[in-house]
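Here are the chains, one letter per residue:
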Amino acid sequence: MSFKSILQDMKGEFGSISRKGFEGRFGRSRSHRVVEESVVTAVDAMRQSCWANMPPELLRDVLMRIEESDCDWPSRQNVVACSGVCRSWREIMKDIVRNLEVSGKVTFPISVKQPGPRNTLVQCFIKRNRSSQTYHLYLNYSQASNDNGKFLLAARRCRRPTYTDYIISLNAGDVSKTSSNNIGKLRSNFLGTKFTIFDAQPPNAGAKVTKSRSTRGPRRMQCVMDAIPVAAIEPGGIAPTQTAFIPGNFDSFPSLPFFRSKSTRSDSFQSGPISTPKDEMLVLKNKTPRWHDQLQCWCLNFNGRVTVASVKNFQLVASLENGAGGQEQQHENVILQFGKVGKDIFTMDYQYPISAFQAFAICLSSFDTKIACE
């Protein structure tokens, strides 16, 4: 029997057992409700025992083959479906499915809080809806794909008299401030020169960012990643990796300020929550563009992922300073790139050691255009 047949059989059996037949109407007696609840409990127990009693060796072999065969979305939804069959299946799946850094496969929702794979960019794109002031982040199925891709995160812009909020949620249809699906938010000040990331899930995934505009080139950006040590970009380096969501509250979210302004000074940062010493934090800066004589403009190689010229386009690479000399060096590997491909469509590609949540929050700051930053 093929794996698809197994999944179809499970789906058919689960579908034939519906709780709708046990839903009571208003006014029913308490005895009827007790009977119905007992039947529902029995059905749940049957579901659990029917599939949980498979021989462990056979079950693990089946689940491993499903995980290995389904590498990309939408077929990878079979892996998620298997983890929802029962408790024993879920535990085995959690043990089989490796995190994003190792596998390079986006699987469960927690993947958006985990660092991307090493030496490979995770290709995503952002859709902006001007009328609803929302931004949706999707995972590309392929470079040539024209569909919506796999939904990852959503953000909604909320304007206030003195600041602007971007609420970030796991649910595309529920991006309210009180939603339990929220994993963080971004807040700007009145002038759009200072931003603060509120992270609902530890470890604190914040960044300090400075942006400036020069007459000789495009807008510059600097990101100081407080939660990521600079050693993470070295071979064998480790970045904080979250394995499960923790219930949070916006009032208790850790916060971290970062800035965007015309000033190129970075020594004016106020201290915020810091997990590592300042000189050990990962610093991301714009990859130096090259002047194109024929086009008479500054150019970056986005490898076909960006097709429209925009001041918002950027590539970030790791930046290091050589001790006493103070000379700056840049790594060649692009850690985050963001660029325009249509009126309201932007590509966002990222890799280790930052996560989709961190990359999305940084990119959202580029949408908040203010006079002070232009």
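Residues numbered from 1 in each chain as written. Predicted model: local features only at pLDDT ≥ 70, side-chain atom pairs only at ≥ 80, totals over all residues. Heavy atoms only, no water.

## Describing the overall build of the chain
Here's step 1: Looking only at helices and strands, one finds seven helices and 15 strands in the chain.
Here's step 2: The proportion of buried residues among the 374 residues of the chain is 44%.
Here's step 3: By sequence separation, contacts in the chain at least 24 residues apart represent 60% of the contacts at least 6 residues apart.
Here's step 4: Carbon together with sulfur atoms contributes 51% to the accessible area of the chain, which is approximately 19900 Å² in total. (Helix = DSSP H or I, 4+ residues; strand = E, 2+ residues; numbered from the N terminus. Buried < 20%, exposed > 50% of the residue type's maximum accessible area, 1.4 Å probe, protein only. Contact = heavy atoms within 4.5 Å. Areas by Shrake-Rupley, 256 points an atom, 1.4 Å probe, with all protein chains shown as cover.)

## Quick notes on the pattern of salt bridges
Here's step 1: One pass over the structure, following the stated rule, counts nine salt bridges.
Here's step 2: In this structure, the salt-bridge partner of E67 is K105, at a minimum N-O distance of 3.8 Å. Linking E67 in helix α3 (residues 56-69) with K105 in the loop between α6 (100-103) and β1 (122-129), this pair joins segments that are 38 residues apart in sequence. K105 shares its class with E67; the two are buried.
Here's step 3: Its salt-bridge partner being D349, residue R305 comes within 2.7 Å of it at the nearest N-O pair. Taken as a pair, R305 in the loop between β12 (297-299) and β13 (314-322) and D349 in strand β15 (residues 345-350) lie far apart in primary sequence, 44 residues in all.
Here's step 4: Overlapping salt bridges bring together E67, R76 and K105 as one network. (Salt bridge = Lys/Arg side-chain N within 4 Å of Asp/Glu carboxyl O.)

## Describing the confidence of the model for the chain
Here's step 1: Overall, the predicted model of the chain reaches an average pLDDT of 75, with 67% of residues at or above 70.
Here's step 2: Below pLDDT 50 for its whole length, residues 14-27 participates in 15 contacts with residues either more than four positions away or in separate chains.
Here's step 3: Across residues 254-275, confidence stays below pLDDT 50; counting only partners more than four residues off in sequence or on other chains, it has 85 contacts. (pLDDT = per-residue confidence, 0-100.)

## Side note on the packing of aromatic side chains
How two aromatic rings sit relative to each other is given by the distance of their centres and the angle of their planes.
Here's step 1: Going through the model one piece at a time under the given rule, you end up with eight aromatic pairs.
Here's step 2: Through pairs of rings, three or more aromatic residues link up here, namely Y135, Y166, F314, F338, F346 and F367.
Here's step 3: R118 extends its terminal NZ or CZ atom over the ring of Y352, reaching a point 3.9 Å from the ring centre.
Here's step 4: Above the plane of the ring of W73 lies K150, whose end atom (NZ or CZ) is 4.2 Å from the centre. (Phe/Tyr/Trp six-rings, centres within 6.5 Å; stacked < 30°, edge-to-face > 60°. Lys NZ or Arg CZ within 6 Å of the ring centre and 35° of its normal.)

## Some points on the pairing of β15
Here's step 1: Of all the six residues making up β15, five are buried; the element is thus mostly covered by neighbouring parts of the structure.
Here's step 2: By the bridge criterion, six bridges tie β1 to β15 in an arrangement that is antiparallel. Bridging across to β15, K127 finds its partner in I345. (Pairing = 2+ DSSP bridges.)

## Considerations on the environment of L153
Here's step 1: Locating L153 in the fold gives a position in strand β3 (residues 150-159).
Here's step 2: Note on L153: relative accessible area 0%, which makes it buried.
Here's step 3: In this structure the C-alpha to C-alpha distance between L153 and A172, which are 19 residues apart in sequence, comes to 6.9 Å.
Here's step 4: With residues up to four places along the chain from it excluded, the contact list for L153 reads V112, Y135, H136, L137, I168, S169, L170, I183, A356, F357 and F360.

## Some remarks on the packing of α3 against helix α5 (residues 87-96)
Here's step 1: Where α3 meets α5, the axes come as close as 10 Å, and the angle between the chain directions of the two elements is 50°. Comparing the axis directions of α3 and α5 gives the class oblique. Between α3 and α5 lies a crossing of right-handed hand. Across from L59, R60, L63, M64 and E67 in α3, the residues of α5 making contact are W89, I92, M93, D95 and I96. (Axes fitted to C-alpha atoms, helices over the stretch in contact; angles between N-to-C directions. Parallel < 35°, antiparallel > 145°, perpendicular 65-115°, else oblique. Left-handed = near helix turned anticlockwise from the far one by under 90°.)

## Quick word on unusual backbone geometry
Here's step 1: A cis amide bond links W73 with the next residue in sequence, P74, at an omega value of 10°.
Here's step 2: For the bond running from Y352 to P353, omega is 15°, close enough to zero to count as cis.
Here's step 3: Among the secondary structure elements, P353 is positioned in the loop between β15 and α7 (356-367).
Here's step 4: A positive phi angle, near 65°, is found at N119, a position not held by glycine.
Here's step 5: Here N119 shows up in the loop between α6 and β1.
Here's step 6: Classification of N119 as exposed rests on a relative accessible area of 64%.
Here's step 7: Positive phi, close to 55°, is recorded for Q133, a residue that is not glycine.
Here's step 8: Its place among the elements puts Q133 in the loop between β1 and β2 (134-139).
Here's step 9: A relative accessible area of 23% places Q133 in the partly exposed class.

## Some thoughts on α5
Here's step 1: Buried within α5 we find W89, I92, M93 and I96. Burial along α5 is one-sided: seen end-on, the buried residues are contained in an arc of 100°. Residues R87, K94 and D95 are exposed on α5 and point more than 90 degrees away from its buried face. (Arc of directions from axis to C-beta.)

## A word on the nonpolar core
Here's step 1: L336, M348, Y350 and F360 are the most contacted members of the largest nonpolar core, which has 48 residues in total.
Here's step 2: With nine residues, the single largest contributor to this core is α7.
Here's step 3: Residues within four places of F360 in sequence aside, it is in contact with I126, Y135, L137, L153, A154, A155, I168 and M348.
Here's step 4: Core analysis: the next-biggest nonpolar cluster, separate from the first, contains 14 residues, V62, V79, V85 and I96 among them. (Core = buried A, V, L, I, M, F, W, Y, C linked by side-chain atoms within 4.5 Å.)

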